[in-house]
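Chain residues, written in single-letter form:
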Amino acid sequence: MADPAAFGCLLQRLREDDPSPEQAYERLRFRLITFLRIRVPVEADAEALADTALDRLGRRLHEGTVVASVPQYTLGIARLLVKEAEARVISERKRSASFAYEHAALTGGAPGIPPDEETDDAVMRALAACLESLTRDARDLVLSYYGSDGSARIASRHELAGKLGIAPNALRNRALRVRMRLEKCVSGRLAQPKKPGVMHSVETSLLTGTQRERTR
Amino acid sequence: MSGMPDDTPRQYLLRTLPEAETLQFEERLLADDECADRLREAEDDLLDDCASGRLSAEEREAVERYLLNASNGVDRLRFARALAASARLEKGSDDTSPSAGRAHGGLTARTTGKWIVPFGVLLAASVAFALLIFPSSKRQVPMESQPATSARDVPLPVAPVGVPGAVNASAPYSVLLLAEVQRGADGATQVSIPSSAEQVHLQLEVADGTSTSGDVPTYRFMVRNAEGRELFVSGALAARQVAAYRIVEASVPVNSLGTGTLHVQLSRIDKGGLRPVFDWEVNLRTAATTP
């Protein structure tokens, strides 16, 4: 946050609702990003907007605004930011002759996913390696949790939670984290330059990374 | 999160939720962690369904309009395809349903089958690499101590740090803690360290998103015992990128840690003080170095 005094005011306000204001701040930011990621046009940066929203919230508090409900107030700011982002994007698209977007298609116009066998294969390779880097339990969990679809999905997940002896919410949380972790791992691998003949498991990459660091 | 039908997040994403309920849902989203998780799950499920060709024309159009058009939407759909294919491979011969081998949203059965061999090759190569290159006494401490019942469970090679060249008994052992489960209930991570080790080199994954300020963020981690007593506090650490991960690392004297349950907390150093990023519960024990 740009203004330390405003940030301090925000933490102080969060402390009124939660004994761990830093964690409350992170959770609020995560939820804000979730909302913005879905609502703003593709050109807008949801994370940056979330920080802007929290920055504005902090400044309002610093100015003495009484905020009865932090989530509701933050949502109000976020909705304004969505409108601002939409207006900005419309304006930018109008200026760009290459864009044929209509206002109504602000968040639309996605061309779908073009067939690209090479990329699909690369994703499969990366996922295979990333799955291998997980513990056996985590790997089994993510493949089981996301292995069913359609009408069988809910029943299958409840059954899995029963087998593991945990609540469905805890199972969801666990599966989501593992999936997010896998997505991050895969995108990280795809971003790496290709080195023919070099092992690319996460562990060996980490290992060679450490060795390189040491021998510099 | 009581009182919300299972399909509300899905309807919200497809923009089929009535306006009043949309506003209500958004209020809950900003106030409730579980709601955010359910929304994320609904996103994943929609992408999985899209990848598997299980959406109606209207749903598919909405997914393309609202989800695939997000900044990383297409990447997530490709990931969903790959994950669906991997799940089918995992099911293997016990899944004889007619849907098991059919094309899924562009990832054909040919592509799926093509990966059976590379999966095996990768697995075998990983094991061979670990066994041949690194002596068995210097394998990395596994992040979770599970019996090595399959190739996948072979302990990882160790990355002795700060001791170039010859391996010796006093070389620090590396323990890599990944931010796999942020708020999950996975319990303590089991870590066993050879009784001869004097130092443990802790590597912690930093998963706090990208800094938007432009400053290089620094971190500090603290180790506490079960009673909350501070056992070790690192200095200010800069993260470095290793493969797909950003990590911070420091060597910790083993005798300062003792054994049993430890709480490792990673915080980011901000102008306003320390901001917790991740924490891990670790069950530390010592073990003999030789089999």
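Residues numbered from 1 in each chain as written. Chains lettered and ligands numbered in written order. Predicted model: local features only at pLDDT ≥ 70, side-chain atom pairs only at ≥ 80, totals over all residues. Heavy atoms only, no water.

Of regular secondary structure, chain A possesses nine helices and zero strands. Helices (α) and strands (β) of chain A occur, in sequence order from the N terminus, as α-α-α-α-α-α-α-α-α. By the burial criterion, 49% of the 216 residues in chain A qualify as buried. Long-range pairs, those at least 24 residues apart, make up 57% of the contacts in chain A between residues at least 6 apart in sequence. In the structure as shown, chain A presents an accessible area of about 10300 Å², 53% of it carried by carbon and sulfur atoms. (Helix = DSSP H or I, 4+ residues; strand = E, 2+ residues; numbered from the N terminus. Buried < 20%, exposed > 50% of the residue type's maximum accessible area, 1.4 Å probe, protein only. Contact = heavy atoms within 4.5 Å. Areas by Shrake-Rupley, 256 points an atom, 1.4 Å probe, with all protein chains shown as cover.)

Here we come to unusual backbone geometry. If you check the backbone angles, B:Arg15 has positive phi at about 60 degrees while not being a glycine. Residue placement: B:Arg15 occurs in the loop between helix H1 (8-14) and helix H2 (19-31).

Another aspect to go through is the state of the cysteines. Residues and elements named next belong to chain A. Evaluated as defined, the whole model comprises one disulfide over all chains. A disulfide bridge connects Cys130 with Cys185, and the sulfur atoms are separated by 2.1 Å. Disulfide Cys130-Cys185: torsion about the S-S bond near -85 degrees, hence left-handed. In this pair, Cys130 is assigned in helix H5 (residues 117-133) and Cys185 in helix H8 (residues 168-191), connecting sequence segments 55 residues apart. As far as the burial class goes, Cys130 and Cys185 line up, both buried. (Disulfide = S-S within 2.5 Å.)

Here we come to the environment of B:Asp279. Residue and element names in this part refer to chain B. Mapped onto the elements, Asp279 comes out in strand S10 (residues 273-287). On the basis of relative accessibility, which here comes to 34%, the residue Asp279 falls in the partly exposed class. The sequence separation of Asp279 and Val264 amounts to 15 residues, and the corresponding C-alpha distance is 5.5 Å. Not counting chain neighbours up to four residues away, the residues in contact with Asp279 comprise His263, Val264 and Gln265.

With that out of the way, let us pick up the confidence of the model for chain A. Residues and elements named next belong to chain A. Looking at chain A as a whole, the pLDDT averages 78, with 77% of positions reaching at least 70. Of all secondary-structure elements in chain A, the lowest mean pLDDT belongs to helix H9 (residues 202-215), at 34, while helix H3 (residues 46-62) reaches the highest, 93. Under a pLDDT of 50 for its full length, residues 98-112 has, in the predicted model, 27 contacts with residues more than four places off or in other chains. Considering only residues more than four positions removed or in separate chains, one finds that residues 194-216, a stretch of pLDDT under 50, has 44 contacts. (pLDDT = per-residue confidence, 0-100.)

Residues A:Leu32, A:Phe35, A:Leu36, A:Leu57 and B:Val63 are the most contacted members of the largest nonpolar core, which totals 52 residues. Residues B:Tyr173, B:Ile193, B:Val206 and B:Tyr219 belong to the second largest nonpolar core, which totals 29 residues. (Core = buried A, V, L, I, M, F, W, Y, C linked by side-chain atoms within 4.5 Å.)

Before going further, it helps to spend a moment on the pairing of strand S3 (residues 199-205) of chain B. Along any regular strand, the residues point their side chains to alternate faces of the sheet. Residue and element names in this part refer to chain B. Burial analysis of S3 places six of its seven residues in the buried class, the great majority of the element. Pairing geometry for strand S1 (residues 173-177) and S3, over five bridges, is parallel. Across the sheet, Ser174 pairs through a bridge with His201, a residue of S3. (Pairing = 2+ DSSP bridges.)

Moving on to the confidence of the model for chain B. Residue and element names in this part refer to chain B. Here chain B shows a mean pLDDT of 67. Residues at 70 or above account for 60%. Scored below 50 in pLDDT, residues 93-171 makes 137 contacts in the model with residues more than four places away or belonging to other chains. Between residues 181-186, whose pLDDT stays under 50, and residues either more than four places distant or in other chains, the model counts 13 contacts. Two numbers describe this predicted complex: its pTM, 0.53, and its ipTM, 0.73.

Quick look at the pattern of salt bridges now. Going through the model one piece at a time under the given rule, you end up with 33 salt bridges over all chains. Ionic contacts of the salt-bridge type, sharing partners, join the residues A:Arg37, A:Arg179, A:Glu183, B:Arg40, B:Glu43, B:Asp44, B:Asp48 and B:Arg76 into one network. (Salt bridge = Lys/Arg side-chain N within 4 Å of Asp/Glu carboxyl O.)

Under the defined criterion, the tally for this structure stands at four aromatic pairs over all chains. Arranged with centres 5.2 Å apart and planes meeting at 85 degrees, the rings of A:Phe7 and A:Tyr25 form a pair that is edge-to-face. Taken together, the residues A:Phe7 in helix H1 (residues 4-17) and A:Tyr25 in helix H2 (residues 21-39) connect sequence positions 18 residues apart. Considered together, A:Phe7 and A:Tyr25 belong to a single accessibility category, that of buried residues. On the numbers, 4.7 Å between centres and 40 degrees between planes, the contact of B:Tyr12 with B:Phe25 is tilted. (Phe/Tyr/Trp six-rings, centres within 6.5 Å; stacked < 30°, edge-to-face > 60°.)

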